[in-house]
Amino acid sequence: MLVSHSHVLKLQLKLLKQLELEQTLFQFSRFGFSFSTKTTEQAQEKEKEKDHTLNLFLHDIRRTMSSDLSDYKIIKEGEAEILMHAKNEVFYNKTQVNNRDISIAVLRTFISKRKQEHEAYLAKRTKGAQKVSEIDDSSELVKEDVPDTTPTEDHKSNGECGVEEEVSPEERCSSMEEDSVKVTEECSTTEGQINLSEGKGQRELKPPRVLEALSASGLRSLRYAREVEGIGQVVALDNDKASVEACRRNIKFNGSVAVSKVESHLADARVYMLTHPKEFDVVDLDPYGSPSVFLDSAVQSVVDGGMLMCTATDMAVLCGGNGEVCYSKYGSFPLRGKYCHEMALRIVLACIESHANRYKRYIVPVLSVQMDFYLRVFVRIYTSASAMKNTPLKLSYVYQCTGCDSFHLQPIGRTISKNTSVRYLPGFGPVVPQECSDCGKKFNMGGPIWSAPIHDQEWVSAILADVKSMKDRYPAYERISAVLTTISEELPDVPLFLSLHNLCATLKCTSPSAIIFRSAVINAGYRISGSHVNPLGLKSDAPMEVIWDIMRCWVKNHPVKPQPADQPGSIILAKEPVLQANFARAVASLSKAQAKKVARFLPNPERHWGPKLRAGRQITSKHVSLLGPEAINGALNQEDNEEPNK
């Protein structure tokens, strides 16, 4: 709805108050600047830049007040409010509230984990310094006749290098295993003093800096600044002038907290991230479409141990609609199976890993979600040339049978351990024959995909607990808690999943209930769980031979009509089962959430809940399926009202 007359008056009063507040702050900052005697030239430049930015903000406010406020509507999400013009000038999609809520939950957990890791690092560092001092004391007792000419700073330098050796073995001071004299020679007094000063600075953990590379209206950045405790500076970028103006206007509209924490820049995100390497603790990518062109610069802009949040909305490409396009963007070929949405997640993770490896970095997935019409991955990025060598062990090709639902994974690499050394070799293959052993059909090959875990269950539990403890602060609480609950019950080490309905469609038989099928798998000695991607998906570590044996036993008890002999289902049923399935109900056949009847897959809250038009495109009647008839009629009526004024 457009803003009513009373709301316009309230909006004008709010903007006037903001204008008076900012003028007061402006005068105060100028007063403090004129009487400061210890300000350096660099600080003066920063003050001038702040003054210039403040003047721009004040100009935006005056221009907004001078314009017709009835053309704007106030959108409130969480604790943030934004002004959106009635025209489609700046992109906004209400559906992404799920995306923003789950990002805030992950960011809160990241800040908490980051603090815990820093405290553990300081404790470890203190123990390392104590051990080094004990070694130095013992060496002094042994060398009584040798005068000690090493300055005290060098002893601290040795301790500093020893800690860095534990954190990054490939860095300098790698010879800590040898005697302390050699370490002292490698780490000079000057370097020791520099490291010591750095160490003192590291004792105080600074608030995390966040970069939103594609901010549009700035709603996400404003919610980060207003809702996440302990957050530092939030930098909002956009390459569109109208979006930057809207973002700056919304920053002022949200008061002093947003003004002090959020800053907006007109810049190309790729160039900005390349020119700010390892400066941001969190980088958020939420593009309209594919994130592939931003990944190379994004992995370089994140600090060691930082977080990269990435969204992809080109699901048609990632799910096999255009395999050649997916390969050109992500370096993987998708397959069109029931598991295609999870495969899309794993393709994006493999792509991020390949970009990180080019700079001796690697990723650790924390949470990977597919919901609505997009996917969202949260990964931590580390730097280590030795750990990067394990990447081939985390990637696999997928062989999908064209006749039945059998699929097999082919790891790219393997390792051989001998004594203390590890050799990295190509993986054994092929894992499948030319024809499927179950139905005799050919295989399609896709990938490579990320075949390692896509979630960290410890993180998932912490995020879910945080969401439940602050349910009133999440507008999309019901949806994100349902998704996180389902993810917490997934088998973390089982890539992709099966569809029970597809198995029955291949055999042309009636479908057993999910509980009966789960019980048969569990009674056979294997694990099984659901999938957050598909309510009918089943993840299991049971091989396909066991799965088909269970289905053969089911068909014996529930006969099917005769089918042509060359059909995949007939070929599968012609074989006698090796395993005699036990369909007695198992205790673990229901998950905890299912036993408690917790909702896990919720319907859309309203109609036309999906993707929206790119900013700048004219709304016409052909967009009724995306926006709905009410939005279309409102846009067309506004255009008709504007024509007589021209």
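The paragraphs below set out a description of the structure included in this document. (Residues numbered from 1 in each chain as written. Predicted model: local features only at pLDDT ≥ 70, side-chain atom pairs only at ≥ 80, totals over all residues. Heavy atoms only, no water.)

## Digging into the pairing of strand 14 (residues 443-450)
Two faces belong to every sheet, and in a regular strand the side chains alternate between them. Counting buried residues along strand 14, six of its eight residues qualify, which places the element largely inside the surrounding structure. Pairing analysis gives six bridges linking strand 10 (residues 395-401) to strand 14, with the strands arranged antiparallel. Bridge pairing in strand 14 places Y399 opposite M445. (Buried < 20%, exposed > 50% of the residue type's maximum accessible area, 1.4 Å probe, protein only. Helix = DSSP H or I, 4+ residues; strand = E, 2+ residues; numbered from the N terminus. Pairing = 2+ DSSP bridges.)

## A word on the packing of aromatic side chains
Evaluated as defined, the whole model comprises six aromatic pairs. Summarising the aromatic geometry, the rings of F373 and Y374 are spaced 5.2 Å apart at their centres and angled 80° between planes, so their arrangement reads as edge-to-face. The pair F373 / Y374 is uniform in exposure class, with both members buried. (Phe/Tyr/Trp six-rings, centres within 6.5 Å; stacked < 30°, edge-to-face > 60°.)

## Comments concerning the environment of I74
As for its position among the elements, I74 is in strand 1 (residues 72-77). Since its relative accessible area comes to 37%, I74 is described here as partly exposed. For the pair I74 and H85, spaced 11 residues apart in sequence, the C-alpha separation works out to 9.0 Å.

## Some points on the sheet that holds strand 15 (residues 498-499)
Pairing is antiparallel in the open sheet, where three strands are placed in the order 15-17-16. Of all strands in the sheet, those with a lone pairing partner are strand 15 and strand 16 (528-530), marking the two edges. Of the strand pairs in this sheet, strand 16 and strand 17 (residues 537-540) are connected by three bridges, and their pairing is antiparallel. Among the inter-strand pairings, G530 is bridged to a residue of strand 17, identified as L538. Running at roughly 150° to strand 16, helix 18 (residues 514-523) makes contact with strand 16 and strand 17 of the sheet. (Contact = heavy atoms within 4.5 Å. Axes fitted to C-alpha atoms, helices over the stretch in contact; angles between N-to-C directions.)

## Quick look at the pattern of salt bridges
Tallied over the entire structure, the rule returns 24 salt bridges. Of the charged contacts, one joins R220 and E212 as a salt bridge, the two residues approaching to 3.8 Å between their closest N and O atoms. A single burial state applies to R220 and to E212, both of which are buried. It is possible to trace a salt-bridge network through shared partners that takes in E77, R100, D101, R223 and E227. (Salt bridge = Lys/Arg side-chain N within 4 Å of Asp/Glu carboxyl O.)

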